[in-house]
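# What the coordinates show
The residues making up each chain are set out below.
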Amino acid sequence: MLFEDSVFLRACRGQPVTHVPVWFMRQAGRSLPEYRALRGEGSILEAVRQPELAAEITLQPVRRYGVDAAILFSDIVVPLAAVGIDLDVVPGRGPVIAEPFTSAADLERLRPLEPEEDLSALLTTVALLVRELAVPLIGFAGGPFTLASYLVEGGPTRDFTRTKALMHTEPATFHALLERLADIAAASLAAQVAAGATAVQLFDSWAGALSRADYARFVLPASRRALGALAHLGVPRIHFGVGTGELLDLMGDAGAEVVGVDWRVPLDSARRRVGPGRALQGNLDPAICLAGFAPAASEARRVLAEGGRTGHVFNLGHGVLPATDPEVLAALVALVHEETAETATQPAETR
Ligand code: CP3
């Protein structure tokens, strides 16, 4: 496979690395002046439909930061729009659905994804990128709970009341909804891999809103279904959510090689919760990057100490905030590379 020996793929598999690899969730986007200059007005959905533009936006942070992986420029709602859900991504707010889902009848609006036809622009972007990139490309999809929450709430929410009401009043409908979303995610990810992506990330960003009981009963089976459908592809699978400290063991059981951890749980503790045989990704608090390089550097050193050198992909605990100074991220990449390099001076007792 392409990039088999890259530090990023090796770290995902728990193999020895020459340095700890680093990339940032939402590394492309509004924090970069070159992104703002290129994007102009218009919806992100239109930008995603233009392969040359989407490929260039994907490459911008790779060039600027020297990160160890690229992530495809797209959005988690792109496959939903592609199967005909009327939606928009509103700047400063997020995805908004014209007609939110309320009952079993709405399931019919989620037809199966036919990636070759429905996501042809996205797959062209992947093909363009793999010709250009010197690092692995991460494909991604929205996790079943996170996508369901947008469909049911009609937009971003703080308390997920409608989603939880549907879950508990119409459990069969909720299961069927998550199953369809899992199949859409799996089909999209498999197509991205076929086009050249060499790792995938399932962003179930809002899963942390659930109790362990609800997560285990309503979401885990669907996540397992999505991740399990990709097992035979042999690419590392990353499973991420925010506020999932109490769910980390369950998320690890869903089948991914790598579990993403937000900033709330130290990585040594996260490792005990997830158990052996899985790598971790994270987990610097993205807000610290706005405090300047000195505090970010000291927190990054703590993350590296807690994460260890093996089976750790350095990242933020959630996406880059738009007000982040790119210089701080560039300096963090250099710090992670230098301080974890094989040749770096180790304290005597760990030599
Ligand atoms: O990481 C990357 O660099 C790749 C690009 C990427 C985007 N969205 C581009 C984007 C990725 C991986 C996503 C995933 C995504 N989208 C998630 C999961 C990750 C997470 O942050 O938890 C979620 C929940 C969404 C839904 C979504 N799309 C939100 C909440 C927003 C922000 C709305 C806003 O303006 O604050 C979006 C829009 C969006 N997706 C932008 C970008 C660069 C910003 C809008 C724009 O530039 O037009």
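Our subject in this report is the structure included herewith. (Residues numbered from 1 in each chain as written. Predicted model: local features only at pLDDT ≥ 70, side-chain atom pairs only at ≥ 80, totals over all residues. Heavy atoms only, no water.)

### A look at the overall build of the chain
Across its full length, the chain holds 15 helices and nine strands. For the C-alpha atoms alone, the extent of the chain along its principal axes is close to 65 × 45 × 40 Å. Each of the 351 residues in the chain was classed as buried or not, and the buried ones make up 57%. A sequence separation of at least 24 residues applies to 72% of the contacts in the chain between residues at least 6 apart. When the accessible surface of the chain is summed, it comes to about 14,000 Å², and 53% of that surface belongs to carbon and sulfur atoms. Separation of charge centres in the chain, based on 31 positive and 41 negative side chains, amounts to 4 Å. (Helix = DSSP H or I, 4+ residues; strand = E, 2+ residues; numbered from the N terminus. Buried < 20%, exposed > 50% of the residue type's maximum accessible area, 1.4 Å probe, protein only. Contact = heavy atoms within 4.5 Å. Areas by Shrake-Rupley, 256 points an atom, 1.4 Å probe, with all protein chains shown as cover. Lys, Arg positive; Asp, Glu negative; His and termini not counted. Charge placed at Lys NZ, Arg CZ, Asp CG, Glu CD.)

### Re the environment of G234
Here G234 lies in the loop between helix 11 (212-228) and strand 6 (237-240). For the pair formed by G234 and V193, sequence separation is 41 residues and the distance between their alpha carbons is 9.8 Å.

### Quick look at the pairing of strand 6
Burial of the side chains of strand 6 extends over both faces: R237 and H239 are buried on one face and I238 and F240 on the other. Across four bridges, the pairing between strand 5 (residues 199-203) and strand 6 is parallel. Of the residues in strand 6, the one forming a bridge with Q201 is I238. Where the polypeptide runs from strand 5 across helix 11 and back to strand 6, its parallel neighbour, the crossover connection is right-handed. Bridge analysis of strand 6 against strand 7 (residues 258-260) gives two bridges, and the strand direction is parallel. The residue of strand 7 that forms the bridge with I238 is V258. Tracing the backbone out of strand 6, into helix 12 (residues 248-253) and back to the parallel element strand 7 gives a crossover that is right-handed. (Pairing = 2+ DSSP bridges. Right-handed = clockwise from strand over helix to strand, strands pointing away.)

Interpretation in functional terms is not warranted from these geometric data alone.
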